[in-house]
Structure formats: C-alpha cells, structure tokens
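# An overview of the molecular structure
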Amino acid sequence: MSAPQPTVQFTTQLLRLASGKSLHVSTFSPTSTASRLPIIFLHGLGGSSAYWAPSITASGIAEKGAAIAYDFDGHGRSPLSAKDGLSVDTLVEDLRGVVEALKFEKVGLAGHSMSGLVVSTFAEHYPEKVEKIFLLHPVRSLSAQGREGMHARASTVLTPSGPAQIASTVASSALSASVRTSNPLAIEYVRHLVLNTLPEGYAAACRALGDSKDPDLTKIQAPALLVGGEEDYLAGPEVIKKWGEEIKESRVEILKDVGHWGGVEAPEKVGKLLEEWFQ
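These numbers come from a predicted model, not from an experiment. (Residues numbered from 1 in each chain as written. Predicted model: local features only at pLDDT ≥ 70, side-chain atom pairs only at ≥ 80, totals over all residues. Heavy atoms only, no water.)

### Here we look at the overall build of the protein chain
Regarding its fold elements, the protein chain presents 11 helices and eight strands. A compact globule built from 279 residues should have a C-alpha radius of gyration of about 19 Å, and the protein chain, at 18 Å, falls within 12% of that. Overall, the C-alpha framework of the protein chain stretches about 55 × 45 × 40 Å when taken along its three principal axes. For the protein chain, the residues scored as buried account for 53% of the 279 residues in total. Residue pairs at least 24 apart in sequence account for 75% of intrachain contacts in the protein chain once pairs closer than 6 positions are excluded. Looking at the protein chain as shown, the accessible area adds up to about 12,200 Å², and 52% of this sits on carbon and sulfur atoms. Averaging the coordinates of the 26 positive side-chain charges in the protein chain and doing the same for the 31 negative ones gives two points 2 Å apart. (Helix = DSSP H or I, 4+ residues; strand = E, 2+ residues; numbered from the N terminus. Rg over C-alpha atoms; globule rule 2.2 N^0.38 Å. Buried < 20%, exposed > 50% of the residue type's maximum accessible area, 1.4 Å probe, protein only. Contact = heavy atoms within 4.5 Å. Areas by Shrake-Rupley, 256 points an atom, 1.4 Å probe, with all protein chains shown as cover. Lys, Arg positive; Asp, Glu negative; His and termini not counted. Charge placed at Lys NZ, Arg CZ, Asp CG, Glu CD.)

### Let's talk about the side chain of Ser29
Take Ser29: it is sitting in strand 2 (residues 22-30). Accessibility expressed as a relative area gives 14% for Ser29, which makes it buried. Once residues within four sequence positions are removed from consideration, Ser29 is found in contact with Thr7, Val8, Gln9, Ala62 and Ala66.

### Focus on the pattern of salt bridges
Counting across every chain of the model gives 11 salt bridges. Its salt-bridge partner being Arg96, residue Glu100 comes within 3.0 Å of it at the nearest N-O pair. Here the residue Glu100 and the residue Arg96 both occupy positions in helix 2 (residues 88-101), the gap between them amounting to four residues, near one helical turn. Residue classification places Glu100 among the partly exposed positions, given a relative accessible area of 37%. Taking relative accessible area as the criterion, Arg96 reaches 25% and is therefore assigned partly exposed. (Salt bridge = Lys/Arg side-chain N within 4 Å of Asp/Glu carboxyl O.)

### Digging into the packing of aromatic side chains
Summed over the entire model, instances satisfying the criterion amount to eight aromatic pairs. An angle of 50 degrees between the planes, with centres 4.9 Å apart, marks the rings of Phe10 and Phe28 as tilted. Within this pair, whereas Phe10 is found in strand 1 (residues 8-16), its partner Phe28 is found in strand 2, the two being separated by 18 residues in sequence. Looking at Phe10, the relative accessible area reads 48%, which means it is partly exposed. Exposure remark for Phe28: the relative accessible area of 13% places this residue in the buried category. Note on Tyr51 and Trp261: the rings are 5.7 Å apart at their centroids and 75 degrees apart in plane angle, and the pair reads as edge-to-face. (Phe/Tyr/Trp six-rings, centres within 6.5 Å; stacked < 30°, edge-to-face > 60°.)

### Quick notes on the pairing of strand 2
Of all nine residues making up strand 2, nine are buried, and the element is well covered by its neighbours. Burial of strand 2 is two-sided: the residues Ser22, His24, Ser26, Phe28 and Pro30 facing one way and the residues Leu23, Val25, Thr27 and Ser29 facing the other way are all buried. Sheet topology places strand 1 next to strand 2; nine bridges connect them, and they run antiparallel. Each bridged residue has a counterpart across the sheet, and for Thr12 the counterpart in strand 2 is Ser26. Between the antiparallel neighbours strand 1 and strand 2 lie five residues, among them Gly20 with a positive phi of about 100 degrees. (Pairing = 2+ DSSP bridges.)

### A short note on the nonpolar core
Ranked by internal contacts, the top residues of the largest apolar core, which has 88 residues, are Ile40, Phe41, Trp52 and Phe134. Here the element with the most residues in this core is helix 8 (residues 199-210); it accounts for seven residues. Beyond its immediate sequence surroundings of up to four residues, Ile40 is in contact with Ile68, Tyr70, Leu95, Val98, Val99, Phe104, Val107, Gly108, Leu109 and Ala110. (Core = buried A, V, L, I, M, F, W, Y, C linked by side-chain atoms within 4.5 Å.)

### Remarks on the packing of helix 5 (residues 162-173) against helix 7 (residues 184-195)
Remark: helix 5 packs on helix 7, axes separated minimally by 8 Å, with the N-to-C direction vectors making an angle of 145 degrees. Taken as a pair, helix 5 and helix 7 cross one another with a handedness that is right-handed. Residues Pro163, Ala164, Ile166, Ala167, Ser168, Val170 and Ala171 of helix 5 form the contact with helix 7, whose participating residues are Ile187, Val190, Arg191, Val194 and Leu195. (Axes fitted to C-alpha atoms, helices over the stretch in contact; angles between N-to-C directions. Left-handed = near helix turned anticlockwise from the far one by under 90°.)

### A word on the sheet that holds strand 5 (residues 107-112)
The strand order 1-2-4-3-5-6-7-8 describes an open sheet built from eight strands, whose pairing is mixed. Two strands lie at the open edges of the sheet, namely strand 1 and strand 8 (250-255), each paired on one side alone. This sheet shows a mean twist of 20 degrees between the axes of neighbouring strands, independent of strand direction. Bridge analysis of strand 2 against strand 4 (residues 67-70) gives four bridges, and the strand direction is antiparallel. Bridged to Thr27 within strand 4 is Ile68.

So, in structure tokens, the structure goes:
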C-alpha cells in the first residue's frame, strides 16, 4: 500500500519588497488547486512567523489556500533594515509590500497582539485589499504609563542581560495559570521566540508600540473575528469586547484557560476558529 500523499507543502524565502527591505516569509500551501483567497499572518512583539505555525497546522486551512506568515523587520529571520526605526505605519507599509510582492489582489489577514493595530490600520487604509480579518489578543494604544514602560523595555533589551530577562518575564507572566503549570513546552516556545528576536529589532518594535495610536475602527469594512483570552492581562475580555463595539461587522470569542499567547497555549482552539472564519 502506497503512503498517503501530503496535502500541504511548506516553503520559505527571503522576500524582497519594492521598498528595498527583505522579509523572511513562510508559506503553507495546498498541493492541489487553491479554493480560497490567501491568508497573511502577522505576529506580535517578540514573536516571529513561527508563532502561527501550530495554529495553521491545527486548522488545516492551508489545504484550501495559501497561509503566509512573515517575520517583521528585525524579528525572526528578517534582517533589521529600518534605518529610522519602526512604527505601526511602517509595519502597515511592509504588509502592503508583502501583498504586492506576492501579487495578491485581496487577502484575509490574521494578527496577534501588536499586529492587531497593524492589521486594523491596514484594513482602514486599504479596504479594497482585505476580505476578512482575524485578531488574536489585539492590543490598543497604550496609556501614558504603558508608553513609559514600553520605552523602558526598549532600553532594557539592549543591555547584556536584557533579552534573557525579558524572555523569562514574558514566558512566566503572559500565559494562563493552567498552561504555566501543565505545559512547560509552551513556556519554552514563548521564551524561544522572544530570545530569537534581534535586540535592536525588539527595541524598535517596543518603541513602535509605545508611540502607536488607535486606528478609526468604525471605518473598517471587512468582517472581523476578535479572539481574546480569559486570563489575558494585556488585552483582556473587556478590551476585546470594546474592539467588537467599534468594528461594524464583528464577532467576539473569549477562550477559557488562555492568556496572551493563545496561538501557543491553545493552537487547536485557535486553529478551529481560523478554519471556521476563513472557510
């Protein structure tokens, strides 16, 4: 009996954008003809394209169309090329550059944490390019105290012990209590993601988040699925519900026993929602 043939293929490339930047892109795509529009996945602060891999795999969505995850400038395997630093606006333009470089006319978008701001701003500015959006633990612009803290973190990560200190803090505080006690692999996965971010890239993203402003969510035309974690201290249930109140066509889902890294904490739950939303 012959072995079953794979239904999904995985490729990576360093994608050159029209701006001159090069971003590392991972693509999960069907081995047969695609039956839906491609979906582009954006990670959060200290993450990389690898953040989304467990949820994409669990969802099976790549069997029907391309699922593309890329590393921000200075994150993952993307070199740091932003000479003047990063901002939400530059990250939005990087997303536009990826869409254009891959010759996509319209896409679905999924963003985690900080990328909630990037995806929603993109959807506001380029509505003709967006079919649906999926926001996992999306954060809002920060308070004055939050901005100070984020700029302080940008300074800390550039010290010799800074990356390890921040990685341990994030891994020990941003996951749910049940995951911290029962899933050491999830803790190490998050720690690994943060530690494998260039300190200069992490600092630039911290400053970008610290200086961010909320988009006008009432202008978003694309349907949005807003997913939060019951134990998320950064973007808790009330924050997620507030997003839902401002986006015209939206749905809110709150996951039990999940903190701020649901794609790692509960990839099966996130994958199921991805499959349902983008089917």
